[in-house]
Amino acid sequence: GQHEAYAAVQQPYIVPGALYLLVVPADRASDEHRQEVLGQWLDMLQTRAPGAAVQLVLTRVDKLAGSGAVEEGEEEEGEEFPEELTADALSWLRAAVLAHRTAHLERHASSSAAPEPLRVLDTVLRVSSVKGGKATLTAAADRLRLITAQPGAPSLPLLGGGEAATPLPSSLGQVIPANWLPAMALPAALRDGRDPAAAARALQTKEAPPSPACERRQYIPMADLQSQWQALAASLGAAPDGQTLDSAVALLEAQGELFCSCGVVYLDPAFVTELIKPLVDHRLTGEGGGLDNGFV
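What follows covers unusual backbone geometry. At Lys-206, a position not held by glycine, the phi torsion is positive, near 60 degrees. Note on Lys-206: relative accessible area 78%, which makes it exposed. In this structure, Cys-262 takes a positive phi of about 55 degrees despite not being glycine. Note on placement: Cys-262 falls in the loop between β8 (259-261) and β9 (264-266).

Shown next, in the form of structure tokens:
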């Protein structure tokens, strides 16, 4: 999102292994608004999810001069808007992203363990509400289906050179080792109030999960989750390999089923979203009351 109030609380949701849509309004694609509409979001992605795949999306084309915006209901599906309409915005966006990548590489040129730069896809989606806008939404949907296609689909060119293998994110279609299943069952069992051992066995045998019988947990310190994993693995006669739990948590995080921050595993992202919603609702800020951005 482009609301400043959202930036701080979005960071825990930014994790490696995911595909990100970076949305930039075409009418603000300029040096004047660079940090606000692009720079801070690239910085956040680079810091929190180095090497992440990024699909650029140019929106609000109808706000550009000469767009020929039409009233609602007048669109003709399948009619594209002129390429030249977004030429300047596209040129600026590509140049700004490449400049950010160059600065990152130069900053870490002498480091032997430099964070991997973002993998920004070369194709930029253009979505608008001008005449023919429905066609741009269809094209965007087709593009996302291509990106998330199963392994074997053509690789996608990256901005600045190179290619990214599909699918993106790479967790799509991933073959999950059998020994990960108990570790993957543990966070969900704690969240849903189910017995972890029974839930793990049900997942392994593809049976229905047990009925909730324990207190539900919305979050748990990572150290406590590791202790619970050791106990669960012992009860199942498996080796309590810490790497197995780490891999399972990373996969679940990439899939959006949980997220980790400051040594805490949040088992139910929806719980956190509801908890902080009033703090980041931009409609409650500004003159006339509501929460102050400084408080967030």
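Helices that pack against each other are described as a pair by the angle of their axes relative to one another and the distance between those axes. Where helix α5 (residues 181-192) contacts helix α6 (residues 196-205), the two axes come as close as 8 Å, and the packing angle between them is 130 degrees. Considering their axes alone, α5 and α6 lie oblique with respect to each other. You can see that α5 and α6 cross each other, and the crossing is right-handed. For the pair formed by α5 and α6, the contact residues are Leu-181, Pro-182, Ala-185, Leu-186, Ala-189 and Leu-190 on the first element and Pro-196, Ala-199, Ala-200, Leu-203 and Gln-204 on the second. Across the contact of α5 with α6, the residue classes tally to ten nonpolar, one polar and no charged.

The next thing to look at is helix α3 (residues 87-107). Here α3 spans 30 Å end to end across 21 residues, near enough to the 30 Å set by a 1.5 Å rise per residue. All of the buried residues along α3 are Ala-89, Leu-90, Trp-92, Leu-93, Ala-96, Val-97, His-100 and His-104. Buried positions along α3 lie against β1 (19-25), α2 (34-48), β2 (53-59), β3 (119-120) and β4 (125-126).

Attention now goes to the sheet that holds strand β7 (residues 219-221). Pairing in this open sheet of three strands is antiparallel, and the strands run β7-β9-β8 from one edge to the other. Of all strands in the sheet, those with a lone pairing partner are β7 and β8, marking the two edges. Here the strands of the sheet are splayed against their neighbours by 25 degrees on average, with no regard to which way each runs. As paired strands, β8 and β9 are joined by three bridges and run antiparallel to one another. Within the sheet, the bridge partner assigned to Cys-260 lies in β9 and is Val-265. Against the sheet, helix α7 (residues 222-235) engages β7 and β9, with an angle of about 85 degrees to β7.

Here is what the cut-offs are and how they apply
Residues numbered from 1 in each chain as written. Predicted model: local features only at pLDDT ≥ 70, side-chain atom pairs only at ≥ 80, totals over all residues. Heavy atoms only, no water. Buried < 20%, exposed > 50% of the residue type's maximum accessible area, 1.4 Å probe, protein only. Helix = DSSP H or I, 4+ residues; strand = E, 2+ residues; numbered from the N terminus. Axes fitted to C-alpha atoms, helices over the stretch in contact; angles between N-to-C directions. Parallel < 35°, antiparallel > 145°, perpendicular 65-115°, else oblique. Left-handed = near helix turned anticlockwise from the far one by under 90°. Contact = heavy atoms within 4.5 Å. Nonpolar A, V, L, I, M, F, W, Y, C, P; charged D, E, K, R; others polar. Expected span 1.5 Å × (residues − 1). Pairing = 2+ DSSP bridges.

By themselves, these observations are geometric and do not establish any function.
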